[in-house]
Amino acid sequence: MSIENGIGASVRRKEDQRFITGNGHYLDDMNKVGQTYGYFLRSPHAFAKINNIDLTAAKDAPGVVDIFTGADMVADGIGGLICGWGITSKDGTAHKAPPHNSMAVDAVRHVGDQVAFVIAESLQQAKDAAELIDVDYEPLPSVTNITKALAPGAPQVHEEAPGNLCYDWELGDKAAVDAAFASAPHISKIDLVNNRLAPNAIEPRAALGDYDAGSGELTLYTTSQNPHVARLIMSAFLAIAPENKLRVVAPDVGGGFGSKIFVYAEETTTIWAARKINRPVKWTADRSEAFLTDAHGRDHATHAEMALDDDGKILAFRISTKANMGAYLSTFASAVPTYLYGTLLNGQYKIPSIYVEVQAGFTNTTPVDAYRGAGRPEATYVVERMIETAARDMKIDPVEFRLKNFIQPDEYPYETPVIMTYDCGDYPLSMNTAVELIDYKGFGARKAQSEANGKLRGIGCSAYIEACGIAPSAAVGSLGAGVGLWESAEVRFNPTGSVTVFTGSHSHGQGHETTFAQIISDKLGVPIESVEVVHGDTDKVPFGMGTYGSRSLAVGGSAIVKAVDKIVEKSKKIAAHLMEASVEDIEHEHGVFSVAGTDKKLTMGEIAFAAYVPHNYPADLEPGMAENAFYDPLNFSFPAGTHFAEVEIDPMTGVVDILDWAAVDDFGNVVNPMIVEGQVHGGVAQGIGQALLEGVLYDQENGQLLTGSYMDYSMPRADNLPNFRVSMTNTPSPSNPLGVKGCGEAGAIAAPAALMNAITNALGKDIDMPATPEKVWRAIHST
Amino acid sequence: MTTVSMTVNGKKRTADVAPNTLLVHYIRDNLRLTGTHVGCDTSQCGACTIHVNGDSVKACTMLAVQAEGANITTIEGLAQNGDLHPMQAAFKENHGLQCGFCTPGMIMSAVDLVKRNPNPSEETIRSELQGNICRCTGYHNIVKSVKAASENMGG
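As the structure is a computational prediction, the values presented were derived from the model and not from experiment.

Enquirer: So what exactly am I meant to see when it comes to the overall build of chain A here?
Expert: Regarding its fold elements, chain A presents 20 helices and 28 strands. Its C-alpha atoms put chain A at 85 × 75 × 50 Å along the principal axes. Classification of the 783 residues of chain A by burial places 60% in the buried group.

This is how it looks when you write it as structure tokens:
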């Protein structure tokens, strides 16, 4: 029996009604009585000592309530922002985590660094007053490029990090890799730049701090993907307030893509300031501030080498990466180029030995942290550009080369040389399905047609793998994580049979209100319109870890399933009592409890009512029908698949036209195919953005951000992108009760390599991302 | 302060505003119609798109005083008598939105697009929506939504 709107149905989203009618509640839509407005004075310099900050004139400006600096926060005992994942260098030392105050104390280290927080009766008054602050800066030479920052003689961003080195990390068997390379008949090499990106959720970050002097409670309304983690860090490390006096609420959040995971200076300053002035304080970023302060993504420079035998079998893989951390370590920054990157460098292949080393360093740039995919796009880009290069060097068709080296479906669980255990998959199936979808065999004829029209045509693929559902707490703890990565849920029946689900996951576009309701509907037979999903409020939902790493369904959804299991277990006892049968004889399917071999049955609604009106009820059972669960996954999940891109390039202009996109993904079981396909579309669009259009640029001389607005930073627009053909295969994950894997980041992980493989195939030479018309034109017209 | 009067979603509204108040801030802050969003500060993202005398306009490109006497429709005024506009319905039916932040502006632009192009091709839709940035959907389902709505609107 299947159930309407259950698991597997493309249910139209419950949350859409409010969004399409303008009735969403995003943060900047909120206001409090007596509210003031905060504005940050920011550094105009990439690197400068602060000799003095004179607030005298500004404090006298009209409407100013108060102005705070970093020194005020330090004097108040407020701690610095932290990085929650410890990385150990090759030599056994801990990563360098220099002080990171919410506002600068003695120096500014990137353009946009916070210098002072002006609070006034209106935003305009706050901005006007900020212009009257007199800061005595002593500008210093700056460095923004990671390779330059790690070279001898570079400006030192922090005293605590000599040579700007944050850590020098390694993973894998260096001796085995060196030995394999020493005797290998073929070695392929590639140098790659993974361009720095600005996440650009269309809703800018915002915060509204509210202090209740009566209860001593602080409430921070904020654009967060993980409100409990924000509360924990602000309480435990910044000492803003004890957790029981601190409430963090994330209402409707307009996109995140990782950038709203982190605990930022602006949010912490806003909530702290609300108590200082005993009035609500609201801060909303403008887009310029978003470019300057939202944690950026990527920014790697990598050299990779692959050793091969005469038949094109991979013998070993060696990778050396320099990763730009920016001016300070953001909340999870250290983990991104290490455990979220190095561990995925095995790709879908049988590679006997792998060795990766990563040097992470500080520069005078905006901090870099997780952005859609977080380490896995960087890994996939290295693996799939390397594989393509190796195939070309060996003069083997790239599809054939991949099929020859794939892990086979009967080889699971498969332990990689980079500490992952892949639990399931079928890589040849997704490759072969994608080959059919793109009509790979027909490419030659299409290329000839393009050539006849004076165009260059290319095809390329990316057989990606990623790790989602992060993750078993014990495993991540052993790798340096400062938190557990389980998830929570409570399933609460109301006496009349409707259900409220409280989840620690957070939706900022993913459609949890629908997907999670489908699980309840499917498992307990409750109509989907009678299920409410509550998230994003630390006073309402149990402590949860939030949404990132495509973990919400695999971990948060599994927590809901575990809570449902408890509901069913209790309901069976009630059903047995009411129908005068033994518990063992009660059967359950989709919310109907029946006595085996009879026509006696009760619905979930009837049982829930009995639990709240327990007149005829098991003597030893608690009344009520609400259960909670905390679920810690058994393993990561491993979504994988193949994406193909086909492009045509006009040699006169260098413009790349994406003619076709074929995505074949294995996400395991799928709860809502419509939503999953939407996630693929969005992910691929961001990956195409990286490969074709986007890139954060700094002036190499003075460290100014050159791409600080939508006039300068090229966002993908409707006419830059093709339609996407999306298909799926399914090997259910054995690592969670839903058999799901996670779909939120796959597109952004797969797409850049697929597109760059297609473009370099068309050009017959390598170029770096983004493949802008100018860069492509120069590649075509250079010898 | 300057007094401005305009009709917004069918209602006559009058208020005193600072002369430099942008129309979008008047709509959001004075009228508390918060469905019209602000996503950038360079008139690029289109999240603040509304209709001024029937044409789509980015509400950050006008001062409130420039809308004196105008007939304004915001996303809140698009549904009539509780019935969704075909464009709103099409976005829901075709999963044309994810986080929803760009959606009001996208819908308002799309309504105007179909008014001017009753049977738009995919190329026309993509070209016309250049001024509305969406970071979630990759536009695939937005294009599908607009196409479907144009068919339902009798194009």
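Enquirer: How do you make sense of the overall build of chain B when you look at a structure like this?
Expert: When its secondary structure is counted, chain B shows 5 helices and 5 strands. Reading the helices (α) and strands (β) of chain B from amino to carboxyl end gives β-β-α-β-β-β-α-α-α-α. What you see for chain B is a C-alpha radius of gyration of 15 Å, in line with the 15 Å of a compact globule of 155 residues. Projected onto its principal axes, the C-alpha coordinates of chain B cover approximately 45 × 30 × 25 Å. Counting every position in chain B, which comprises 155 residues, the buried fraction comes to 56%. A fraction of 61% describes how many contacts in chain B between residues 6 or more apart in sequence connect residues 24 or more apart.

Enquirer: I keep staring at the interface of chain B and chain A and nothing clicks. Help me out?
Expert: Much of the literature gives interface size as the accessible area that the parts lose upon coming together. Between chain B and chain A, the contact holds 42 residues from the first and 41 residues from the second. Of all the secondary-structure elements, those providing two or more residues to the side of chain B that touches chain A are helix H2 (86-93), helix H3 (103-116), helix H4 (122-128) and helix H5 (140-152) of chain B. The class makeup of the residues in the side of chain B that touches chain A is 19 nonpolar, 17 polar and 6 charged.

Enquirer: Sorry if this is basic, but what is going on with the sheet that holds strand E9 (residues 206-212) of chain A here?
Expert: Paired through their backbone hydrogen bonds, the strands of a sheet run either parallel or antiparallel. All names here are of chain A. Strands sit in the order E3-E5-E1-E12-E9-E10-E11 across an open sheet of 7 strands; the sheet is mixed. With one partner strand each, in any of the chains shown, strand E3 (64-69) and strand E11 (246-249) form the two edges of the open sheet. Here the strands of the sheet are splayed against their neighbours by 20 degrees on average, with no regard to which way each runs. Alignment of E9 against strand E10 (residues 217-222), held across 6 bridges, turns out to be antiparallel. In the strand pairing of E10, Gly 209 is matched with Leu 220. Taken strand by strand, helix H4 (residues 123-130) contacts strand E1 (36-42), E3 and strand E5 (114-120), and its axis lies near 30 degrees from that of E1. Across the sheet, helix H8 (residues 265-277) lies against E1, E3, E5, E9, E10 and strand E12 (281-284), angled at about 25 degrees from E9, the strand it touches most.

Enquirer: Whenever I open this one, unusual backbone geometry confuses me. Can you help?
Expert: Among all residues save glycine, negative phi is the norm, and among peptide bonds the norm is trans. Residues and elements named next belong to chain A. Residue Ala 471 follows Ile 470 across a cis peptide bond; omega there is -15 degrees. Mapped onto the elements, Ala 471 comes out in the loop between strand E18 (456-465) and helix H14 (473-478). That bond from Met 769 to Pro 770 is cis: its omega, -10 degrees, falls within 30 degrees of zero. Counting through the fold element by element, Pro 770 comes out in the loop between helix H19 (746-763) and helix H20 (773-781). The residue Phe 257 is not glycine, and still its phi comes out positive at about 60 degrees. Assignment of secondary structure puts Phe 257 in the loop between E11 and H8. C-beta crowding within 10 Å serves as the criterion here: with 30 such atoms nearby, Phe 257 is assigned to the buried category. The residue His 590 is not glycine, and still its phi comes out positive at about 45 degrees. Residue placement: His 590 occurs in the loop between strand E22 (586-589) and strand E23 (592-595).

Enquirer: Sorry if this is basic, but what is going on with the nonpolar core here?
Expert: Across soluble globular proteins, nonpolar side chains show a tendency to be buried alongside one another. Ala 116, Val 118, Leu 345, Val 501, Ile 520 and Leu 755 of chain A together with Ile 107 of chain B are the most contacted members of the largest nonpolar core, which has 302 residues in total. Top element by residues in this core is H19 of chain A. It accounts for 13 residues. Excluding residues that lie within four positions of it along the chain, Leu 345 of chain A makes contacts with Phe 317, Ile 319, Ile 354, Val 356, Ala 379, Val 382, Val 383 and Val 418 of chain A.

Enquirer: Mind showing me how you'd approach the environment of Asp 599 of chain A here?
Expert: Secondary-structure assignment places Asp 599 of chain A in the loop between E23 and strand E24 (601-603). Asp 599 of chain A sits 87 residues away from Gln 686 of chain A along the chain, and the two C-alpha atoms are 54 Å apart.

Enquirer: Honestly, the sheet that holds strand E20 (residues 499-503) of chain A in this entry has me stumped. Any pointers?
Expert: Residues and elements named next belong to chain A. Reading across the sheet, the 4 strands line up as E21-E20-E19-E25 and stay open at both edges, with mixed pairing between neighbours. For this open sheet the edge positions go to strand E21 (531-534) and strand E25 (626-631), each flanked by a neighbour on one side alone. Across the sheet, the axes of successive neighbouring strands diverge by a mean angle of 15 degrees, strand direction being ignored. The sheet contact formed by strand E19 (residues 487-493) and E25 spans 6 bridges and is antiparallel. What sits directly across from Val 491, in E25, is Glu 627.

Enquirer: Just checking my understanding: could you explain the pairing of E18 of chain A for this structure?
Expert: Residues in a regular strand project their side chains so that they alternate between the two faces of the sheet. Residue and element names in this part refer to chain A. With 10 of its 10 residues buried, E18 lies for the most part within the structure. Along E18, one buried face is formed by Leu 456, Gly 458, Gly 460, Ser 462 and Tyr 464 and the opposite face, lined by Arg 457, Ile 459, Cys 461, Ala 463 and Ile 465, is buried too. The pairing of E18 with strand E26 (residues 640-649) spans 10 bridges and is antiparallel. Within E26, the residue paired with Gly 460 across the bridge is Ala 645.

Enquirer: Can you walk me through the packing of helix H18 (residues 673-693) of chain A against H19 of chain A in this structure?
Expert: Describing two packed helices takes the angle between their axes plus the distance from one axis to the other. Residues and elements named next belong to chain A. Between H18 and H19, the least distance of the axes is 7 Å, while the angle of their chain directions is 40 degrees. Put simply, H18 runs oblique to H19. In this structure, H18 crosses over H19, and the sense of that crossing is right-handed. In this structure, H18 uses Val 680, Gly 682, Gly 683, Val 684, Gln 686, Gly 687, Ile 688, Gln 690, Ala 691 and Leu 692 to contact H19, whose residues at the interface are Ala 746, Gly 747, Ala 748, Ala 750, Ala 751, Pro 752, Leu 755 and Met 756. Among the residues making up the contact of H18 with H19, the classes are represented as 12 nonpolar, 6 polar and no charged.

Enquirer: What's the story with the pairing of E11 of chain A in this structure? I'm lost.
Expert: Residues and elements named next belong to chain A. What you see with E11 is no split at all: Leu 246 and Val 248 on one side and Arg 247 and Val 249 on the other are buried throughout. Relative to E11, E10 is paired through 4 bridges, and the arrangement is parallel. Pairing of Leu 220 across the sheet is with Val 248, part of E11. In terms of handedness, the path from E10 via helix H7 (residues 227-236) over to E11 forms a crossover that is right-handed.

Quick notes on the rules
- Residues numbered from 1 in each chain as written.
- Chains lettered and ligands numbered in written order.
- Predicted model: local features only at pLDDT ≥ 70, side-chain atom pairs only at ≥ 80, totals over all residues.
- Helix = DSSP H or I, 4+ residues; strand = E, 2+ residues; numbered from the N terminus.
- Buried ≥ 20, exposed ≤ 12 C-beta atoms within 10 Å, placed from the backbone.
- Rg over C-alpha atoms; globule rule 2.2 N^0.38 Å.
- Contact = placed C-beta atoms within 7 Å.
- Nonpolar A, V, L, I, M, F, W, Y, C, P; charged D, E, K, R; others polar.
- Pairing = 2+ DSSP bridges.
- Axes fitted to C-alpha atoms, helices over the stretch in contact; angles between N-to-C directions.
- Core = buried A, V, L, I, M, F, W, Y, C linked by C-beta atoms within 7 Å.
- Parallel < 35°, antiparallel > 145°, perpendicular 65-115°, else oblique.
- Left-handed = near helix turned anticlockwise from the far one by under 90°.
- Right-handed = clockwise from strand over helix to strand, strands pointing away.

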